Amino acid sequence: MSQYDRIDSDELQPLTEAFHNQLMACLEECAAGRRGLFSDLEPLSEETEPDRAWPAAARLRELAFALQSILAQNEEADALCEQFLDLCSIHGENDPGEPKLARAFLNEIAGTR
């Protein structure tokens, strides 16, 4: 990678901050009981449960993938982004529910600050 392909860290800061702010807001909402933050694979019926769709969570996942890709180009990583995407990959029948995952993630974040 040439020096011209790298993105200045100062230019990445607003994107990283936007991700962190949106992540915290979504984690708090998920910890309070809303589902759909870590995956939209759960079957949703728009006719019977129109309020279950969570566009902000879908946008957060897209932002996380984009941020991860951009940071990788700079040979960098964001720990919260990486951990969020790891949690998004949990889809087993015996895995903890999303609110429980969100509370644990919030507690972990609070412990590192």
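The text that follows walks through the structure, step by step, so that each part is easy to find. (Residues numbered from 1 in each chain as written. Predicted model: local features only at pLDDT ≥ 70, side-chain atom pairs only at ≥ 80, totals over all residues. Heavy atoms only, no water.)

Some thoughts on the environment of Ala104
Consideration 1: Mapped onto the elements of the fold, Ala104 is located in helix H4 (residues 98–112).
Consideration 2: Under the relative-accessibility criterion, Ala104 is labelled partly exposed at 44%.
Consideration 3: Between the C-alpha atoms of Ala104 and Leu27, which are 77 residues apart in sequence, the distance is 9.8 Å. (Helix = DSSP H or I, 4+ residues; strand = E, 2+ residues; numbered from the N terminus. Buried < 20%, exposed > 50% of the residue type's maximum accessible area, 1.4 Å probe, protein only.)

So, the pattern of salt bridges
Pairing between side chains of opposite charge can happen when their charged atoms approach one another.
Consideration 1: A complete count under the given rule lists one salt bridge for this structure.
Consideration 2: The salt bridge involving Arg34 is made with Glu29; its shortest N-O contact spans 2.6 Å. (Salt bridge = Lys/Arg side-chain N within 4 Å of Asp/Glu carboxyl O.)

Comments concerning the nonpolar core
Within soluble globular proteins, side chains that are nonpolar tend to cluster in buried spots.
Consideration 1: In terms of nonpolar packing, the biggest core is built from 28 residues, with Phe19, Leu23, Leu27, Leu37, Phe38, Phe84 and Phe105 touching the most fellow members.
Consideration 2: Elements that contribute at least two residues to this core include exactly helix H1 (9–31), helix H2 (55–73), helix H3 (79–88) and H4.
Consideration 3: Tallying contributions element by element places H1 first for this core, with eight residues.
Consideration 4: If sequence neighbours within four positions are ignored, Phe38 has contacts with Leu27, Cys30, Arg61, Phe84, Leu87, Cys88, His91, Glu98, Leu101 and Ala102. (Core = buried A, V, L, I, M, F, W, Y, C linked by side-chain atoms within 4.5 Å. Contact = heavy atoms within 4.5 Å.)

Considering the environment of Leu71
Consideration 1: Residue position: Leu71 is located in helix H2.
Consideration 2: Judged by its relative accessible area of 4%, Leu71 falls in the buried class.
Consideration 3: Separated by 62 residues in sequence, Leu71 and Ser9 have C-alpha atoms that sit 9.2 Å apart.
Consideration 4: Ignoring anything within four residues of it in the chain, the contact list for Leu71 reads Leu12, Glu76, Ala77 and Asp78.

Brief notes about the side chain of Ser39
Consideration 1: Tracing the sequence through the fold places Ser39 in the loop between H1 and H2.
Consideration 2: A residue is classified by how much of its surface remains accessible, and Ser39, at 14% relative accessible area, is buried.
Consideration 3: What Ser39 contacts, discounting residues up to four positions off in sequence, is Arg61, His91 and Glu98.

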